[in-house]
Amino acid sequence: MKPERVELTEREKKARSARNIAIALALAAFVILLYVATWAKLGANILNRPL
Amino acid sequence: MAFAEHDLPASAISTAMPRDYFALLKPRVMSLVVFTALVGMVLAPSHLDAVLSAISILAIAVGAGAAGALNMWFDADIDAAMARTSRRPIPSGAVTRREALGFGLFLSGFAVAVLGLFANWLAASLLAFAIFFYAVVYTMWLKRSTPQNIVIGGAAGALPPVIGWAAMTGSLSIEPLVLFAIVFLWTPPHFWALALYSSVDYRRAGVPMMPNIAGPASTRRQIFVYALAVAACALLPAALGFAGIAYGVAAALLGLEFLRRAWRLLRADRDLAPARRLFGYSIFYLFAIFAALLIERLLVPATGVAS
């Protein structure tokens, strides 16, 4: 059986790719935020943990 | 996206651009939230690390945006019926209601978690309460049921400076409550001025704003009473000593102009121009009051209640 497909229009493709880029940037920003905030909150204590 | 047996309608594939999601955050409301929260933070006696302060502001901004998205999710029917809001992302068809709901809920959780982890849980609880109060108590309940909707709902918009203070200090005191009171008392004259010249829209949307329920004359009187209250309340920071003379003079002048415009509106008969002028000024007023607090504190850092 041949699967039915929906062909995206140019507008839909463009919107999807713009959303994907925005999500990628937001995720990258979130990674940086956690990294920077962890340093700000804990400082050198980041290394101070039970082994 | 191929589902066998049935075709997806064309509208099932989103054409929303990132800017449509950004519009769900009500960026203009967000800017006032960020500004008042920032003033609450700067006035607070103890200070967080600069990085953590910036992250707290970001969390408060995202929380406010999330509340805006939840409001647009629930109020899509009202927004579609009103000229001012008919081009918002849901009525315009760019974003579906479900997408707005998911976006709003996700960002609410994100904002509260970040504020709790990197500032403190008092501030995070207040942020969660503000989002709940705006999205559920105001939007889902009060807005459609009572002409006191924006009076009580104003508590949500008045919380950001309190959240900012709490993020810095982990506690509350009289100063953030005064800031809360200023925004809270400012809200009714601000929205009722808008409602006076948008009453046709509000009637069509079925929202029981004060001019539609109690009539324009009563609304004008109530606006004047609240204008008196907010002008007086805005003097409290100077009276209580956590702002100085410069702020006191600025607040007095700004308050007198607020009263003059409210008086013009009170005396006006049918003319909607005074309502527009009061509405426009009310935005400037709130911004200027908080700017005066901020500038004075930055120039004269020693005027703390604690000293």
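For clarity, every value in this text was computed on a predicted model and none was experimentally measured. (Residues numbered from 1 in each chain as written. Chains lettered and ligands numbered in written order. Predicted model: local features only at pLDDT ≥ 70, side-chain atom pairs only at ≥ 80, totals over all residues.)

**Topic: the overall build of chain A**
Scanning chain A from N- to C-terminus turns up one helix and zero strands. On C-alpha atoms alone, chain A measures out to a radius of gyration of 21 Å, which is more than a quarter above the 10 Å that the 2.2 N^0.38 rule sets for 51 residues. For chain A, buried positions account for 4% of its 51 residues. (Helix = DSSP H or I, 4+ residues; strand = E, 2+ residues; numbered from the N terminus. Rg over C-alpha atoms; globule rule 2.2 N^0.38 Å. Buried ≥ 20, exposed ≤ 12 C-beta atoms within 10 Å, placed from the backbone.)

**Some details on the overall build of chain B**
In terms of helices and strands, chain B carries 15 helices and zero strands. Relative to a compact globule of 307 residues, whose C-alpha radius of gyration would be 19 Å, chain B shows 21 Å and is just as compact. In terms of overall dimensions, chain B has C-alpha extents of about 75 × 55 × 25 Å along its principal axes. Taken across its 307 residues, chain B has 50% of its residues classed as buried. For chain B, contacts bridging at least 24 residues in sequence account for 73% of all contacts bridging at least 6. (Contact = placed C-beta atoms within 7 Å.)

**Side note on the environment of B:Gly215**
Locating B:Gly215 in the fold gives a position in the loop between α11 (210-213) and α12 (216-233). Put simply, B:Gly215 and B:Ser199 are 16 residues apart on the chain and 9.8 Å apart in space, counted from C-alpha to C-alpha.

**Description of helix α1 (residues 10-42) of chain A**
For α1(A), spanning 33 residues, the distance from its first C-alpha to its last is 48 Å, which sits close to the expected 48 Å at 1.5 Å a residue. Note on α1(A): the residue one or two positions beyond its end, A:Gly43, has a positive phi of about 60°. (Expected span 1.5 Å × (residues − 1).)

**Quick notes on the domain arrangement of chain B**
Residues and elements named next belong to chain B. When the domains of chain B are assigned, the result is domain 1 (20-169) and domain 2 (173-307). The centre of domain 1, based on its C-alpha atoms, is set 21 Å off from the matching centre of domain 2. Each partner contributes to the interface: domain 1 provides 27 residues, whereas domain 2 provides 28 residues. Of all elements in the fold, only α2 (27-43), α4 (76-81), α7 (149-158) and α8 (160-169) reach the threshold of two or more residues within the side of domain 1 that touches domain 2. (Domains from an automatic or database assignment.)

**Observations concerning the interface of chain B and chain A**
The interface is formed by 16 residues belonging to chain B together with 16 residues belonging to chain A. Sort the elements by how many residues they give to the side of chain B that touches chain A and helix α3 (residues 50-74) of chain B lands first, with three residues.

**Describing α2(B)**
Residue and element names in this part refer to chain B. End to end, α2 covers 24 Å across 17 residues, agreeing with the expected 24 Å (1.5 Å per residue, within 8%). Listed in full, the buried residues belonging to α2 are Met-30, Val-33, Thr-36, Ala-37, Leu-38, Val-39, Gly-40, Met-41, Val-42 and Leu-43. Of the surrounding elements, those touching the buried residues of α2 are α3, α8, α9 (174-197) and α15 (273-299).

**What about unusual backbone geometry?**
The phi angle at B:Lys26 is positive, at roughly 50°, despite the residue not being glycine. As for its position among the elements, B:Lys26 is in the loop between α1 (18-24) and α2.

**Observations regarding the nonpolar core**
All names here are of chain B. Core analysis: the biggest nonpolar cluster contains 110 residues, and Leu-115, Leu-127 and Ile-163 have the highest contact counts within it. Residue contributions to this core reach at least three from each of two domains, namely domain 1 (20-169) and domain 2 (173-307). Ignoring any residue separated from it by four or fewer positions in sequence, one finds Ile-163 in contact with Ala-37, Ile-60, Ala-123, Leu-126, Leu-127 and Ala-130. (Core = buried A, V, L, I, M, F, W, Y, C linked by C-beta atoms within 7 Å.)

**Describing the environment of A:Arg19**
Residue placement: A:Arg19 occurs in helix α1. Judged by local crowding, A:Arg19 falls into the partly exposed class, with 17 C-beta atoms found within 10 Å. Among all residues touching A:Arg19, those that are not within four sequence positions of it are B:Ala16 and B:Pro18.

**Observations regarding the packing of α9(B) against α15(B)**
All names here are of chain B. The contact between α9 and α15 brings their axes to 8 Å, and the two run at 155°. The pairing of α9 with α15 is recorded here as roughly antiparallel in orientation. At the point where α9 passes α15, the crossing takes the left-handed sense. Packed against α9, whose contacting residues are Ile-182, Val-183, Trp-186, Pro-189, His-190, Ala-193, Leu-194, Leu-196 and Tyr-197, the element α15 presents Ala-275, Arg-276, Leu-278, Phe-279, Ser-282, Leu-286 and Ile-289 at the interface. When grouped by side-chain class, the residues that make up the contact of α9 with α15 number 13 nonpolar, two polar and one charged. (Axes fitted to C-alpha atoms, helices over the stretch in contact; angles between N-to-C directions. Parallel < 35°, antiparallel > 145°, perpendicular 65-115°, else oblique. Left-handed = near helix turned anticlockwise from the far one by under 90°. Nonpolar A, V, L, I, M, F, W, Y, C, P; charged D, E, K, R; others polar.)

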